[in-house]
Amino acid sequence: MRGASGRLVWAGSATAARGKQTVDSQSRRRDRPVRRQRTPCRRGRAPFTCVVNTNRQPQLSGATTTRFSGKAKASPPPQNAAGGRSSAAGRVSKQSALTVSAMKLKERVAIGAGIGVTLFTLILVVDLQMGLSGKHSALLYSHGKVKFANQNAPFGYKTRFLQRSANVSKEASAQASDNQGGTSNGTGGGRIVPADTNELKKTPPDNFSDLVEYLVVLKKKDTSAVSKDRGPTLGQIHRVKPRKNMTILERFQLGISQLELYPKDDPVVDKLLTSMATRKIVHVAQKDGGTQIKLVIDYDDGSQALFKPMRFPRDTQTLPNHFYFTDFERHTAEIAAFHLDRILGFRRAMPVVGRVLNMTTEIYNIGDAELLKTFFVSPSDNLCFHGKCSYYCDTAHAVCGNPDMLEGSFAAFLPDKELGPRKVWRHPWRRSYHKRRKAQWELDDEYCSLVRDIPPYDAGRRMLDLADMAVFDFLTGNMDRHHYETFRPFGNATFPLHLDHGRGFGKPYHDETSCLAPIYQCCTIRRDTVANLLRFHNGPKKLSKAMRESMNSDPLSPILWEPHLAALDRRVQIVLMTVRDCVSRSGSPDTVIISDFNYNASPDEKKGSTEV
Ligand SMILES: Nc1ncnc2c1ncn2[C@@H]1O[C@H](COP(=O)(O)OP(=O)(O)OP(=O)(O)O)[C@@H](O)[C@H]1O
Ligand SMILES: [Mn+2]
């Protein structure tokens, strides 16, 4: 509006100026005696001079565009009868010229100001449209108008505003690069590890013989006896002996020890998986807390499982514009993560199995009242429910059967508070969970030294456990590691549980190297973990093959889309490259690859039963 009115005003003045020029040139060229008088304007137009000619016809100057223009040519001003130049006429002419020149100055100033304002307005409009200034671009960004333009373009929108800003999340950039079909070289602090899959393809096969040699030397140096002791179990701590009529889940829970959830090759695990996949379900209720719907399943033997429903087919990838914290959970990721954790020898993830439920008989008919309220039949005649939770629990995000058969993951239930109370820890390398902010570890190369000053990361096994968790999360692509939990009865000298993997296995063509930040920032990793990764990398059985075989036994097999399995092998190599990089930076493998029995255990760790 302002621009429009401005244009009107200044266009009028310009026309007036053009009209005045016409008069000046006419009076100079033809030297015609024009008889005019200055007279006060009778219409109260104070800023303007009213000019009258000899025939006393008032004409408004300044405000009118027709003052002395073409009209003057059509009917030239009258001349005096003699046609000569009288002195009176000359005085009038001089006076007129003065008036005209005074007006010229005023109008010039006015025109200049007019042009200035017009230009300023134009610049403002262009600036708002194109985001030329930082301030305005921030405004645009805060309104979500982020263009995922080519990041490499030197003056690309994203390049300038996303990479420069300290408050912009890494994830936005990663997603942008995904949109272009590429892989990102993870940032996450200063160290950039090689993550470009194309680079990997170009390099000749690498069997990491340098790392293999380091491991041999380290093993020779390690004089401490290798303990097969798992540490005390929850059953031993509570002095509960296995009874005959115990459920398989109770048996499993009592066997949870200080160092692992279950022993290697424990037959109880397979029995537990079978039990969860086949036992009669007698009650279903929603689990409180968390961001997405989960159900607590009660079996006829009194045991329980945590159910996460299927939402998408196996080959559905994380939506390109979704952040890690808005990604939908995948039941298959929970199943695959359990298998991976077991194969890698961590044994820190609760057993998970897949099962198809009849929604009518196995949920609706036995569900609790609150859950039943959210059931409905979709336009495709499928039975659906959405439950109640803090996100994604509405009609648009409902879980639907086909037409009433529903796949899901069943995780063995953790011990109750009496048997296995847990402590929740904030993960030092947690992400910001904000679409524009970065976490401190993503900005500070020295972040690790801060962490290592604080218990329990200053001594003992915890830092090595975080490195293991980083490997695990990198392999699965899980960026949702905000907290972790430990069992209180075991004190600090225990393992962190690997829980909540629903957001893993979402991007098979992208390697999120920032998951490895605890490793490349602290340059420490457990020797057994490196040995396991080398074993899978050098074969004969690749990790993808071991996973495929292990998951074959699941009722919902195949569990993972093939590109996710291929990604595992590729990522194993990236972890090994990261370890090698650390060794070459530190100059000594001893400080990087740490034997589990060689770490600087604190007294509390050796006792292993201190309450945290
Ligand atoms: N197998 C299990 N048995 C019993 N409780 C569990 C089990 N797994 C997880 N929990 C508990 O339920 C909580 C939520 O589970 P989970 O983290 O899988 O759900 P979520 O909806 O993804 O949560 P968030 O949104 O916080 O990530 C966990 O913090 C844990 O305390
Ligand atoms: Mn979660």
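Here the structure is a predicted model, which means the values were calculated and not measured.

The next thing to look at is the site of ligand 1. Around ligand 1, a shell composed of 18 residues is seen, among which T291, K294, K308, E329 and D500 lie nearest. With respect to ligand 1, the backbone of A412 contributes an N or O atom lying 2.9 Å from a nitrogen atom. With the chains in place, 83% of the 610 Å² that ligand 1 exposes on its own is no longer accessible. More than half of the atoms belonging to ligand 1 lie within 2 Å of the grid points that define the second largest pocket. At the level of elements, β6 (304-309) and β11 (405-412) are the ones that each hand at least two residues to the shell around ligand 1. Considered class by class, the residues forming the shell around ligand 1 number six nonpolar, four polar and eight charged.

Take the sheet that holds β11 next. Taken in spatial order, the five strands line up as β4-β5-β6-β11-β7 in an open sheet, and their pairing is antiparallel. A single partner strand is all that each edge strand has here, and the edge strands are β4 (281-286) and β7 (352-358). For this sheet the average axis-to-axis angle between neighbouring strands, irrespective of direction, equals 35 degrees. Note: strand β5 (residues 295-299) against β6, four bridges, orientation antiparallel. The residue of β6 that forms the bridge with I297 is A305. Those strands touched by helix α11 (residues 267-278) are β5, β6, β7 and β11, and its axis lies near 15 degrees from that of β7.

Moving on to the confidence of the model for the chain. Close inspection of predicted coordinates is inappropriate for parts of the model with low pLDDT. Of all residues in the chain, 65% have pLDDT values of 70 or greater, and the mean over the chain is 75. Scored below 50 in pLDDT, residues 1-92 makes 86 contacts in the model with residues more than four places away or belonging to other chains. Within the model, pLDDT remains below 50 along residues 606-612, and this stretch shows 20 contacts once partners closer than five positions in the same chain are excluded.

Of note, Q258 is situated in the loop between α10 (248-254) and α11. Since its relative accessible area comes to 9%, Q258 is described here as buried. Polar side-chain contacts of Q258 include one of 2.8 Å to the backbone oxygen of A493.

Next up on the list: the nonpolar core. Ranked by internal contacts, the top residues of the largest apolar core, which has 112 residues, are I363, F385, F410, W429, L543, M547 and I593. Tallying contributions element by element places helix α21 (residues 562-586) first for this core, with ten residues.

What follows deals with the packing of helix α12 (residues 331-343) against helix α20 (residues 543-551). One way to put it is that α12 packs onto α20 with a least axis distance of 10 Å and a crossing angle of 120 degrees. Taken together, the axis directions place α12 and α20 in an arrangement best described as oblique. Classified by chirality, the crossing of α20 by α12 is right-handed. Judged by residue contacts, A336, H339, L340, R342 and I343 of α12 engage L543, A546, M547, S550 and M551 from α20.

Before going further, it helps to spend a moment on the UniProt feature "binding site: Mn(2+)" (unreviewed entry) in the chain. UniProt's feature table lists "binding site: Mn(2+)" (unreviewed entry) at E329 and D500, given in the numbering used throughout. In three dimensions, the annotated residues from a span of 172 residues occupy one location, with a maximal C-alpha spread of 9.5 Å. Checking the annotated residues one by one, the ones that line the second largest pocket turn out to be E329 and D500. One can find E329 in the loop between β6 and α12. On the accessibility criterion, E329 (9% relative accessible area) is buried. Each residue touching E329, except ones within four places of it in the same chain, is listed here: Q292, K308, R311, D500, G502 and R503. Along the polypeptide, D500 turns up in the loop between β13 (483-487) and α18 (517-522). Accessibility expressed as a relative area gives 29% for D500, which makes it partly exposed. Of note is the side chain of D500, whose polar atom sits 3.2 Å from the side chain of K308.

Reading the values: rules and limits
Residues numbered from 1 in each chain as written. Chains lettered and ligands numbered in written order. Predicted model: local features only at pLDDT ≥ 70, side-chain atom pairs only at ≥ 80, totals over all residues. Heavy atoms only, no water. Near = heavy atom within 4 Å. Polar contact = N/O pair within 3.5 Å; in protein donor to acceptor, adjacent residues only side chain to side chain. Areas by Shrake-Rupley, 256 points an atom, 1.4 Å probe, with all protein chains shown as cover. 1 Å grid on protein atoms, 1.4 Å probe; cavity = no way out; pocket = protein on both sides within 12 Å on 5 of 7 lines; lining within 4 Å. Sits in = over half its atoms within 2 Å of the grid points. Helix = DSSP H or I, 4+ residues; strand = E, 2+ residues; numbered from the N terminus. Nonpolar A, V, L, I, M, F, W, Y, C, P; charged D, E, K, R; others polar. Pairing = 2+ DSSP bridges. Axes fitted to C-alpha atoms, helices over the stretch in contact; angles between N-to-C directions. Contact = heavy atoms within 4.5 Å. pLDDT = per-residue confidence, 0-100. Buried < 20%, exposed > 50% of the residue type's maximum accessible area, 1.4 Å probe, protein only. Core = buried A, V, L, I, M, F, W, Y, C linked by side-chain atoms within 4.5 Å. Parallel < 35°, antiparallel > 145°, perpendicular 65-115°, else oblique. Left-handed = near helix turned anticlockwise from the far one by under 90°. UniProt positions renumbered as here; feature names shortened; annotations may be inferred.

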